[in-house]
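# Remarks on the overall topology
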Amino acid sequence: MPRSASIFGRAIRVKLPPELLTEVNLLTHLGMSRGELNVINWYARRMYHSFDIKKKSGKPRVINAPERRLKLLQRKIADLLMPLYRRRNPVHGFVADRL
């Protein structure tokens, strides 16, 4: 079995932003209490609505879209994580300036 380093490349150490260092910092950044986050976690599966759109082939594509509040939280967390992400060279999907 190949080592993970040969599959994923060498591990890169990154410095975490202060918002990710403690739960208190994260909750402050998100603008919510621990209780509110627990409620969202409890109802997470119900906070999406599903709908279909047609692909070029005519087959349906199912879209599971988060409700507005969940989407805002996901965006805030994604903005914190994006600077930590190092894409591999062959990756092209959903990467700016790549076709």
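Overview of the structure. Treat the numbers as computed from the prediction; the structure is a model and nothing was measured.

### Describing the overall build of the chain
Helix and strand counts for the chain come out as 4 helices and 2 strands. When the helices and strands of the chain are read in sequence order from the N terminus, they spell out α-α-α-β-β-α. The C-alpha atoms of the chain give 18 Å as radius of gyration, which overshoots the globular expectation for 99 residues (13 Å, by more than 25%). Each principal axis of the C-alpha atoms in the chain carries an extent, and together these give about 45 × 40 × 35 Å. A sequence separation of at least 24 residues applies to 36% of the contacts in the chain between residues at least 6 apart. In the form shown here, the chain has an accessible surface area of approximately 9000 Å², with 58% of it arising from carbon and sulfur atoms. Each charge class in the chain can be summarised by its mean position, and for the 21 positive and 7 negative side chains these summaries are 10 Å apart.

### Examining a nonpolar patch on the surface
Side chains of Ile-12, Val-14, Leu-16 and Leu-21 sit close together on the surface and give an oily, nonpolar patch of about 350 Å² of accessible area. You can see Leu-21 is positioned in the loop between α1 (4–8) and α2 (23–30).

### Quick notes on helix α4 (residues 68–81)
Look at α4: 20 Å from first C-alpha to last across 14 residues, which is about the 20 Å you get at 1.5 Å a residue. For α4, the set of buried residues is Leu-70, Leu-73 and Leu-80. Seen end-on, α4 carries its buried residues on one side only, within an arc spanning 85°. Among the exposed residues of α4, those pointing more than 90 degrees away from its buried face are Arg-68 and Lys-71. Where α4 is buried, its residues contact α2, α3 (34–43), β1 (48–54) and β2 (60–66).

### Topic: the pairing of β2
Looking at chain direction, β1 and β2 are connected through 7 bridges and run antiparallel. By the bridge assignment, Ile-53 is partnered in β2 with Arg-61. In this structure, the hairpin formed by β1 and β2 is closed by a connection of 5 residues, where Gly-58 is found at a positive phi of approximately 95°.

### Details of the packing of α2 against α4
Interhelical geometry of α2 versus α4 gives an angle of 125° and a closest axis separation of 10 Å. With respect to their mutual orientation, α2 and α4 come out oblique. Remark: the crossing between α2 and α4 carries right-handed chirality. Contacts from Leu-26, His-29 and Leu-30 in α2 reach Leu-73, Lys-76, Ile-77 and Leu-80 in α4. Residue composition of the contact of α2 with α4, grouped by class: 5 nonpolar, 1 polar and 1 charged.

### Some points on the pattern of salt bridges
Summed over all chains, the structure comprises 3 salt bridges. A salt bridge links Arg-34 to Glu-23, with the shortest nitrogen-to-oxygen separation between them at 2.6 Å. Of this pair, Arg-34 sits in helix α3 while Glu-23 sits in helix α2, and the two are 11 residues apart along the sequence. Arg-75 is the salt-bridge partner of Asp-79, the closest N and O atoms lying 3.2 Å from each other. Taken together, the residues Asp-79 and Arg-75, both in helix α4 and 4 residues apart, mark about one turn of the helix. The class for Asp-79 is partly exposed, based on a relative accessible area of 46%.

Criteria and cut-off values
- Residues numbered from 1 in each chain as written.
- Predicted model: local features only at pLDDT ≥ 70, side-chain atom pairs only at ≥ 80, totals over all residues.
- Heavy atoms only, no water.
- Helix = DSSP H or I, 4+ residues; strand = E, 2+ residues; numbered from the N terminus.
- Rg over C-alpha atoms; globule rule 2.2 N^0.38 Å.
- Contact = heavy atoms within 4.5 Å.
- Areas by Shrake-Rupley, 256 points an atom, 1.4 Å probe, with all protein chains shown as cover.
- Lys, Arg positive; Asp, Glu negative; His and termini not counted.
- Charge placed at Lys NZ, Arg CZ, Asp CG, Glu CD.
- Patch = residues over 30% accessible without salt bridge, like charges linked within 9 Å, V, L, I, M, F, W, Y side chains within 5 Å.
- Salt bridge = Lys/Arg side-chain N within 4 Å of Asp/Glu carboxyl O.
- Expected span 1.5 Å × (residues − 1).
- Buried < 20%, exposed > 50% of the residue type's maximum accessible area, 1.4 Å probe, protein only.
- Arc of directions from axis to C-beta.
- Pairing = 2+ DSSP bridges.
- Axes fitted to C-alpha atoms, helices over the stretch in contact; angles between N-to-C directions.
- Parallel < 35°, antiparallel > 145°, perpendicular 65-115°, else oblique.
- Left-handed = near helix turned anticlockwise from the far one by under 90°.
- Nonpolar A, V, L, I, M, F, W, Y, C, P; charged D, E, K, R; others polar.

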